[in-house]
Amino acid sequence: MIWSILSPEDGDEREELDRALHDIDASPDRAAAIVAAAFIERHLELALKARLVQDDTYLKDMFRSSGPLGSFSSKIRMAYLLGICSKETTRDLETIKNIRNAFAHDVLIAGFDNQRINDLTENLENATVNLVIRIVGHDDVPPQMAFPKEASTSRERFIRASQILMFQFVTNKKRHRKPRESLF
């Protein structure tokens with residue numbers, strides 16, 4: 001990964017990201033999909049909370065499992081509406097959520113070699129490469145982040161897209177704006 005983007009004070013985030021990336025790489029397919037999505041959802045929630053008024057009572061209510069922002073899907077949509085992520089990234093987040101849900105709710109899906117999962121991971125490639133270009137700031141995608149379609153498996157496409165999104169959330173956490181003052 002491009003660790004130079006993380007500053008020395010980002011030690012905890014870097015350690016958490018390293019641990020998550022290792023766990024995902026070392027896990028069987030189902031666990032890798034669920035762990036990656038859980039990490040992404042957690043950091044998406046943190047990004048949303050950073051934009052909202054810091055009232056623990058209301059935040060807890062909004063983000064509880066049955067609350068308005070309790071589902072991964074509602075967090076993704078709200079992040080898009082608040083400008084936290086682009087339409088392209090929103091599509092990737094929805095694809096990752098759909099892959100997680102397929103693994104979590106369909107016991108017949110054992111791995112990334114499943115046709116449904118393969119079809120979903122095909123949607124990740126172009127958006128992920130474009131996200132890397134935005135992260136790096138130029139058109140030279142680092143080789144460790146680029147993955148040619150013909151050389152990638154579904155698992156590799158999913159893991160690479162997840163890694164990039166995870167990295168994006170961790171490195172951009174300081175850019176999440178605090179809420180404005182109340183109008184009245």
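Residues numbered from 1 in each chain as written. Predicted model: local features only at pLDDT ≥ 70, side-chain atom pairs only at ≥ 80, totals over all residues. Heavy atoms only, no water.

Caption draft 1: The arrangement of the overall build of the protein chain in detail. Secondary structure assignment for the protein chain yields eight helices and zero strands. Each helix and strand of the protein chain, placed in order from N terminus to C terminus, yields the pattern α-α-α-α-α-α-α-α. Within the protein chain, buried positions represent 46% of all 184 residues. Here the contacts in the protein chain between residues at least 6 apart in sequence split such that 67% fall between residues at least 24 apart. A total of about 10,400 Å² of accessible surface is found on the protein chain, and carbon and sulfur atoms cover 51% of it. (Helix = DSSP H or I, 4+ residues; strand = E, 2+ residues; numbered from the N terminus. Buried < 20%, exposed > 50% of the residue type's maximum accessible area, 1.4 Å probe, protein only. Contact = heavy atoms within 4.5 Å. Areas by Shrake-Rupley, 256 points an atom, 1.4 Å probe, with all protein chains shown as cover.)

Caption draft 2: Highlighting the packing of helix H2 (residues 29-51) against helix H8 (residues 154-171). Look at H2 against H8: their axes get within 10 Å of each other, and the N-to-C directions meet at 20°. In this view, H2 runs roughly parallel relative to H8, as classed from their interaxial angle. In this structure, H2 crosses over H8, and the sense of that crossing is left-handed. Residue-level inspection shows Asp 29, Ala 32, Ala 33, Ala 36, Phe 39, Ile 40, His 43, Leu 44 and Ala 47 of H2 in contact with H8, the latter providing Arg 155, Phe 158, Ser 162, Leu 165, Met 166, Phe 169 and Val 170. (Axes fitted to C-alpha atoms, helices over the stretch in contact; angles between N-to-C directions. Parallel < 35°, antiparallel > 145°, perpendicular 65-115°, else oblique. Left-handed = near helix turned anticlockwise from the far one by under 90°.)

Caption draft 3: Quick look at the confidence of the model for the protein chain. Looking at the protein chain as a whole, the pLDDT averages 81, with 73% of positions reaching at least 70. Residue range residues 1-7 is modelled with pLDDT below 50. Its contacts to residues more than four positions away, or to other chains, number 21 contacts. Taken together, the stretch residues 138-142 has pLDDT below 50 and engages in nine contacts with residues farther than four places along the chain or on a different chain. (pLDDT = per-residue confidence, 0-100.)

Caption draft 4: Quick peek at the packing of aromatic side chains. With the rule as written, the count across this model stands at two aromatic pairs. Through a chain of ring-to-ring contacts, the aromatic side chains of Phe 103, Phe 112 and Phe 158 assemble into a single cluster. The lysine or arginine in question, Lys 49, covers the ring of Phe 63, its NZ or CZ lying 5.1 Å from the ring centre. Above the ring of Tyr 80, the side-chain terminus of Lys 87 is found at 5.0 Å from the ring centroid. (Phe/Tyr/Trp six-rings, centres within 6.5 Å; stacked < 30°, edge-to-face > 60°. Lys NZ or Arg CZ within 6 Å of the ring centre and 35° of its normal.)

Caption draft 5: Inspection of the nonpolar core at higher detail. Counting 39 residues, the largest nonpolar core has Ile 40, Ile 99, Phe 158 and Met 166 as its most contacted members. The leading source of residues in this core is H2, at nine residues. Phe 158 has contacts with Ala 32, Ala 33, Ala 36, Ile 96, Ile 99, Phe 112, Thr 121 and Leu 124, leaving out every residue within four places of it along the chain. (Core = buried A, V, L, I, M, F, W, Y, C linked by side-chain atoms within 4.5 Å.)

Caption draft 6: Geometry of the side chain of Glu 41. Its place among the elements puts Glu 41 in helix H2. From its side chain, Glu 41 meets the backbone nitrogen of Phe 72 in a polar contact 3.4 Å long. Excluding anything up to four places from it in sequence, Glu 41 contacts Gly 70, Ser 71, Phe 72, Lys 75 and Arg 100. (Polar contact = N/O pair within 3.5 Å; in protein donor to acceptor, adjacent residues only side chain to side chain.)

Caption draft 7: How the structure looks around the packing of helix H4 (residues 72-81) against helix H5 (residues 87-105). It is at 10 Å that the axes of H4 and H5 come closest, and there the two elements cross at 175°. Of the possible angle classes, the one that applies to H4 and H5 is roughly antiparallel. Judged by residue contacts, Phe 72, Ser 73, Ile 76, Arg 77 and Tyr 80 of H4 engage Lys 87, Thr 90, Leu 93, Glu 94, Lys 97 and Arg 100 from H5. Counted by class, the contact of H4 with H5 contains four nonpolar, two polar and five charged residues. (Nonpolar A, V, L, I, M, F, W, Y, C, P; charged D, E, K, R; others polar.)

Caption draft 8: Here's a closer look at the environment of Ile 34. Structurally, Ile 34 is set in helix H2. For Ile 34, a relative accessible area of 32% puts it in the partly exposed group. In this structure, the C-alpha to C-alpha distance between Ile 34 and Ile 24, residues ten residues apart in sequence, is 9.0 Å.

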